[in-house]
Amino acid sequence: MTIQRRRVLLTASTAGAAALLASCSLTKHPGPEGDWERLEDGDLLLAVPKDWDQSVAQSSIWGTKWTDPSDKSAVLMTAQSVEAKDGYQALDLAMNAARAVTRGYQPVGSRTAITNGSIILAQQQYQITWPYQKKGSLWAISRDSKICLVDFSGAKITDKQISTVGQWIELR
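Student: Can you walk me through unusual backbone geometry in this structure?
Tutor: Apart from glycine, the bulk of residues carry a negative phi angle, and the bulk of peptide bonds sit in the trans form. A cis geometry characterises the amide bond from Trp130 onward to Pro131, with omega recorded as 5°. Positionally, Pro131 belongs in the loop between β7 (119–128) and β8 (134–143). At Asp51, a residue that is not glycine, the phi angle is positive and equals roughly 70°. For Asp144, which is not glycine, the phi torsion reads 55° and is therefore positive. With respect to the helices and strands, the residue Asp144 is situated in the loop between β8 and β9 (146–154).

This is the structure in structure tokens:
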């Protein structure tokens, strides 16, 4: 068999394996029902409301931002890599940064966390009074030394929407 033929076979089998793995991962990671789609953002896999506009966030910590075209107060943002000792410290850093630029930023309720032994997902809900009166939720997901953040907020978002985003955050 010639080297050229081996390359063609290797390329074809690699493409076929990648397609098979991609279809398996879609089946393995279904998204929530209704007006949601499951999107990859770097190492994060998360639920995003359908038809929201995606852009680059204008902040040093946040990388990707989705906004509701009909309600500019509704925002979902991700941070791919946060320098912190753990997810809890990452939550503190993000909340302190938000307090510095947002009037009336206050945590609401207790911080919660779940783990499967290797991945920790910690959550803190909050409210702000400027530039919109709105509520939100901040999550830190961590595995080993990798820490990512997800922030979801809006004047009209519901507890069910917050729950949906939180249930579908995955670090790959």
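Student: Is there a simple way to explain the sheet that holds β7 in this structure?
Tutor: Two modes of strand pairing occur in sheets, parallel and antiparallel, and in both the strands are linked by backbone hydrogen bonds. The strand order across the open sheet built from 7 strands is β3-β4-β5-β9-β8-β7-β6, with neighbouring strands paired in antiparallel fashion. Each having just a single partner strand, β3 (53–56) and β6 (106–115) make up the two edges of the open sheet. Geometrically, the sheet is characterised by an average inter-axis angle of 15° between neighbouring strands, direction not taken into account. Where β6 meets β7, 7 bridges bridge the pair, whose relative direction is antiparallel. By the bridge assignment for β7, Ile114 is matched with Leu121. In the packing of helix α2 (residues 87–101) onto the sheet, the strands contacted are β6, β7, β8 and β9, and the crossing angle to β8 comes to about 145°. Across the face of the sheet, helix α3 (residues 159–167) comes into contact with β5 (71–79), β7, β8 and β9 while running at roughly 10° to β8.

Student: I tried to follow the packing of aromatic side chains on my own but got confused; where do I start?
Tutor: Between two aromatic rings, the relevant description is the distance of the centres plus the angle of the planes. Under the definition given, this model contains 2 aromatic pairs. Taking the centre distance of 5.9 Å and the plane angle of 35° together, the rings of Trp52 and Phe152 count as tilted. One end of the pair, Trp52, is in the loop between β2 (44–49) and β3; the other, Phe152, is in strand β9, with 100 residues separating them in the sequence. For Trp52, a relative accessible area of 12% corresponds to the buried category. For Phe152, a relative accessible area of 0% translates into the label buried.

Student: Help me understand α2 in this model?
Tutor: An α-helical turn contains 3.6 residues, so any two residues separated by three or four positions project in the same direction. Here α2 spans 22 Å end to end across 15 residues, near enough to the 21 Å set by a 1.5 Å rise per residue. Those residues of α2 not exposed but buried are Gly87, Ala90, Leu91, Ala94, Met95 and Ala98. When α2 is viewed along its axis, its buried side chains cluster within an angular range of 130° and face the same direction. Each element contacted by the buried residues of α2 is listed here: β6, β7, β8 and β9. A side-chain oxygen of the first residue of α2 lies 3.1 Å from the backbone nitrogen of Tyr88; this N-cap is Asp86.

Definitions and cut-offs
Residues numbered from 1 in each chain as written. Predicted model: local features only at pLDDT ≥ 70, side-chain atom pairs only at ≥ 80, totals over all residues. Heavy atoms only, no water. Helix = DSSP H or I, 4+ residues; strand = E, 2+ residues; numbered from the N terminus. Pairing = 2+ DSSP bridges. Axes fitted to C-alpha atoms, helices over the stretch in contact; angles between N-to-C directions. Contact = heavy atoms within 4.5 Å. Phe/Tyr/Trp six-rings, centres within 6.5 Å; stacked < 30°, edge-to-face > 60°. Buried < 20%, exposed > 50% of the residue type's maximum accessible area, 1.4 Å probe, protein only. Expected span 1.5 Å × (residues − 1). Arc of directions from axis to C-beta. Polar contact = N/O pair within 3.5 Å; in protein donor to acceptor, adjacent residues only side chain to side chain.

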